[in-house]
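Close look at the chain arrangement
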Amino acid sequence: TGAVLDRVKSERVKNSRIFGLVDGEVAAEFGEVARLISCPDLVFELSKCEGIIFLGAHELENVLIGESDFVDFAEVNVGLTELGSRQKEDIERHLSREAHRFFVAALIKYAWLHLYSLGLTNVTRDVGHFRSDRGLVAEIQEAKHRINQEFSDGGAEFRRQLKEIGGWAKRRMEYVKKSGGSARKEFVRLADGKGLLVRLQKRWKFWPGNYGLLLQRVYSSSFRTRFRDELLAITNA
């Protein structure tokens, strides 16, 4: 990400038609978590980041899961050892549960990045520990332990920031549901995508070689046209 930001900044001095595409989570590094959470589009811009286009999802893996009709994909492509439990309802419940797990992980990560943008910490922490087989409560407790260790105030400012970000997310979910949208789709959009994909992969026995199948499903969906049109609108191409 840093390389993309630096290159765009350097090359746009001579050519204003240069653009870079980065993950949505990068917006948190610029203090713009709310912009990502409330984003209704597939991509967006920030006035403070000239020439940078942000995904309207946490990262690319979120697009692979959210725009590929993952439930149908798993129902069709699950390994033979899982045939006995290959019920659409099982896949839907598992996806919803894991999306919520990594949505919590993402909110914690957003808080770290936001405080980093404010200069209140000089480090950012990953949330890879959420990929374990432990329960969500145990993962939250570990996150609290790391926060308490990092901040001299015992994490009071972190918790305040996390509560504010959580409020933004709650309002977004309420708006989506009132508008007839899917809360689960929003959880998938904002979750820690890499972690979510790893957990889904482990449960439904598909491997990195199958990522091409997910990408093909995304390419065959309406996402392709919508993504192209939004890029063209932003770049005035």
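As a reminder, the structure under discussion sits directly above these lines.
Nothing here was measured: the structure is a model prediction, and the numbers come from that model. (Residues numbered from 1 in each chain as written. Predicted model: local features only at pLDDT ≥ 70, side-chain atom pairs only at ≥ 80, totals over all residues. Heavy atoms only, no water.)

The next thing to look at is the packing of aromatic side chains. Overall, the coordinates contain seven aromatic pairs when judged by the stated rule. Consider the rings of Phe103 and Phe187, whose centres lie 4.8 Å apart with planes at 75°: the pair is edge-to-face. Of this pair, Phe103 sits in helix H5 (residues 88–117) while Phe187 sits in helix H8 (residues 183–190), and the two are 84 residues apart along the sequence. We note that Phe103, like Phe187, is buried. (Phe/Tyr/Trp six-rings, centres within 6.5 Å; stacked < 30°, edge-to-face > 60°. Helix = DSSP H or I, 4+ residues; strand = E, 2+ residues; numbered from the N terminus. Buried < 20%, exposed > 50% of the residue type's maximum accessible area, 1.4 Å probe, protein only.)

Residues Phe54, Ile65, Phe70, Ile108, Tyr110, Phe158 and Phe206 are the most contacted members of the largest nonpolar core, which totals 66 residues. With 15 residues, H5 is the largest single contributor of residues to this core. Each residue touching Ile65, except ones within four places of it in the same chain, is listed here: Phe70, Leu95, Val188, Gly193, Leu196, Leu197 and Leu200. (Core = buried A, V, L, I, M, F, W, Y, C linked by side-chain atoms within 4.5 Å. Contact = heavy atoms within 4.5 Å.)

To continue, consider the sheet that holds strand E2 (residues 43–44). Spatially, the three strands line up as an open sheet ordered E1-E3-E2, and their pairing is mixed. Two strands bound the open sheet, and with one partner strand each, they are strand E1 (20–22) and E2. Pairing of E1 with strand E3 (residues 52–55), which is carried by three bridges, proceeds in the parallel orientation. In the strand pairing of E3, Gly20 is matched with Ile52. Packing of helix H1 (residues 2–11) onto the sheet brings it into contact with E1 and E3, and relative to E1 it is tilted by some 155°. (Pairing = 2+ DSSP bridges. Axes fitted to C-alpha atoms, helices over the stretch in contact; angles between N-to-C directions.)

Attention now moves to the pattern of salt bridges. Pairs can form between side chains of opposite charge whenever their charged atoms are close. Within the structure shown, the criterion is met by 22 salt bridges. Between Glu25 and Lys109 there is a salt bridge, and its shortest N-O distance comes to 3.0 Å. Taken together, the residues span a long stretch of sequence, with Glu25 in the loop between E1 and helix H2 (33–37) and Lys109 in helix H5 at a distance of 84 residues. Each member of the pair, Glu25 as well as Lys109, carries the same accessibility label: buried. Residues joined by salt bridges that share partners form a network here, namely Arg101, Arg134, Glu139, Glu142 and Arg146. (Salt bridge = Lys/Arg side-chain N within 4 Å of Asp/Glu carboxyl O.)

With that out of the way, let us pick up the pairing of E3. Within a regular strand, the side chains alternate between the two sheet faces. Side chains of E3 alternate between two faces, with Ile52 and Phe54 and Ile53 and Leu55 buried alike. Pairing analysis gives two bridges linking E2 to E3, with the strands arranged antiparallel. Its bridge partner being in E3, Phe44 is matched across the sheet by Phe54.

Further remarks concern the environment of Ser16. Mapped onto the fold, Ser16 is located in the loop between H1 and E1. In sequence terms Ser16 and Ala143 are 127 residues apart; their C-alpha atoms lie 42 Å from each other.

Coordinates in, geometry out; function isn't part of it.
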